Amino acid sequence: MLEVIDIKAGYGLVQVLNGVSLRVAEREFIALVGGNGAGKTTLMKSIAGLIAPQSGHIRFGDVELGGRGARNAVDVGISLVPEGRMVFPRMTVLENLLMGSVHPRARAHRADSLEHVFATFPRLKERMQQEARTMSGGEQQMLAIGRGVMTRPRLLILDEPSLGLSPLLVKETYEAMARLNHDGLTILLAEQNVHLSLRASTRGYVIENGDIVLDGPSAELAIDPAIRKAYLGL
């Protein structure tokens, strides 16, 4: 489905990614793990079309996406839930969700998508008429993910969804992601929470200083001595 081939990307004269490659097959749940500043967000933004790679290729099916902008990424079915949630604070939960379905591909399926989102996040249905700014951080994260699901994505990209959440809300967020993947949604997750992300995902990539240094089945990465020492404190 998604193939990233040797991309280099950054901001101005600062190069962050040094030639990163990864692949995501349909219905997979892939974790990209690494510390703060490793390059996770830059890679996510590159795939979503928010940053134009300096070189390399980003392919989604038969479509070349690298450097063609966010609109092309949305058109082929890629949805990014960015770090920091970024909900519309003075709009209600329902209005935020409907904003996710403005694309022609998603508009005709609004009712079904809403039903799916409310089944995944029952709390959003309870707070349907509540303004987003009055919600807790965890509830806003659910809303941000729900809005991403409303786009009817083929690939949902999540950047640090557990950041700043309580342990209970982190658990609920991961359970929701697992349900979405079980329902057939392909997920690419960028996280500092190595333990949870490797437990939830099927395969993983470890990024350090703009380079992929390890990859493989998540269960194997979770017991890799280097991962356990560097990220799990074991």
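Just so it is clear, the model here is predicted, and its values are computed rather than measured.

Cut-offs used in this document
Residues numbered from 1 in each chain as written. Predicted model: local features only at pLDDT ≥ 70, side-chain atom pairs only at ≥ 80, totals over all residues. Heavy atoms only, no water. Helix = DSSP H or I, 4+ residues; strand = E, 2+ residues; numbered from the N terminus. Buried < 20%, exposed > 50% of the residue type's maximum accessible area, 1.4 Å probe, protein only. Polar contact = N/O pair within 3.5 Å; in protein donor to acceptor, adjacent residues only side chain to side chain. Salt bridge = Lys/Arg side-chain N within 4 Å of Asp/Glu carboxyl O. Expected span 1.5 Å × (residues − 1). Pairing = 2+ DSSP bridges. Axes fitted to C-alpha atoms, helices over the stretch in contact; angles between N-to-C directions. Contact = heavy atoms within 4.5 Å. Core = buried A, V, L, I, M, F, W, Y, C linked by side-chain atoms within 4.5 Å.

> Can you walk me through the side chain of Glu160 in this structure?
Structurally, Glu160 can be placed in the loop between β7 (155-159) and α8 (167-182). On the accessibility criterion, Glu160 (4% relative accessible area) is buried. Within the structure, the side chain of Glu160 is placed 3.1 Å from the backbone nitrogen of Gln192, a separation counted as a polar contact.

> What am I meant to see in the pattern of salt bridges here?
Two side chains that carry opposite charge are able to pair once their charged atoms sit near each other. Taken as a whole, this structure holds ten salt bridges when the rule is applied. Note that Glu28 and Arg203 form a salt bridge whose closest N and O atoms lie 2.8 Å from each other. Here Glu28 is found in the loop between β2 (14-24) and β3 (29-33), whereas its partner Arg203 is found in strand β9 (residues 203-208), with 175 residues between them in sequence. For the pair formed by Glu28 and Arg203, the shared burial category is buried. A salt bridge links Glu175 to Lys171; the shortest N-O distance between them is 2.6 Å. Taken together, the residues Glu175 and Lys171, both in helix α8 and four residues apart, mark about one turn of the helix. For Glu175, a relative accessible area of 34% puts it in the partly exposed group. We classify Lys171 as partly exposed; its relative accessible area is 48%.

> Please explain helix α7 (residues 137-150) as it appears in this structure.
In this model, α7 (14 residues) spans 20 Å end to end at C-alpha, consistent with the 20 Å of a helix rising 1.5 Å per residue. Of all 14 residues that make up α7, 13 are buried, and the element is covered over most of its length.

> Help me understand the sheet that holds β7 in this model?
The pairing of strands in a sheet comes from backbone hydrogen bonds and takes either a parallel or an antiparallel form. In space, the six strands of this open sheet follow the order β6-β7-β8-β3-β9-β10, with mixed pairing throughout. Each edge of the open sheet is held by one strand with a lone partner, namely β6 (78-81) and β10 (211-217). Direction aside, the axes of adjacent strands within the sheet are offset by 15° on average. As paired elements, β6 and β7 share four bridges and run parallel to each other. Counterpart to Ile78 in the pairing with β7 is Leu155. Most of the contacts of helix α1 (residues 40-47) go to strand β8 (residues 186-191), to which it runs at about 150°, and overall it touches β3, β6, β7, β8 and β9. Each of β3, β7 and β8 touches α8; the most contacted strand, β8, lies at about 155° to it.

> I'm lost on the nonpolar core in this one. Help?
Most often, soluble globular proteins keep nonpolar side chains buried together rather than apart. Counting residues in each nonpolar core, the largest one holds 31 residues, and the members touching the most others are Leu97, Leu124, Leu143, Ile145, Leu158 and Ile187. Where this core is concerned, the elements lending two or more residues are α3 (93-99), α5 (110-120), α7, β7, α8 and β8. If sequence neighbours within four positions are ignored, Ile145 has contacts with Val81, Phe121, Leu156, Leu158, Thr173 and Leu180. If you look at the next biggest cluster of nonpolar residues, it comprises 28 residues, including Leu2, Leu32, Ile58 and Ile207.

> Before we go on, may I ask you to explain the environment of Gly210 in this structure?
You can see Gly210 is positioned in the loop between β9 and β10. Judged by its relative accessible area of 0%, Gly210 is buried. In sequence terms Gly210 and Lys40 are 170 residues apart; their C-alpha atoms lie 8.1 Å from each other.

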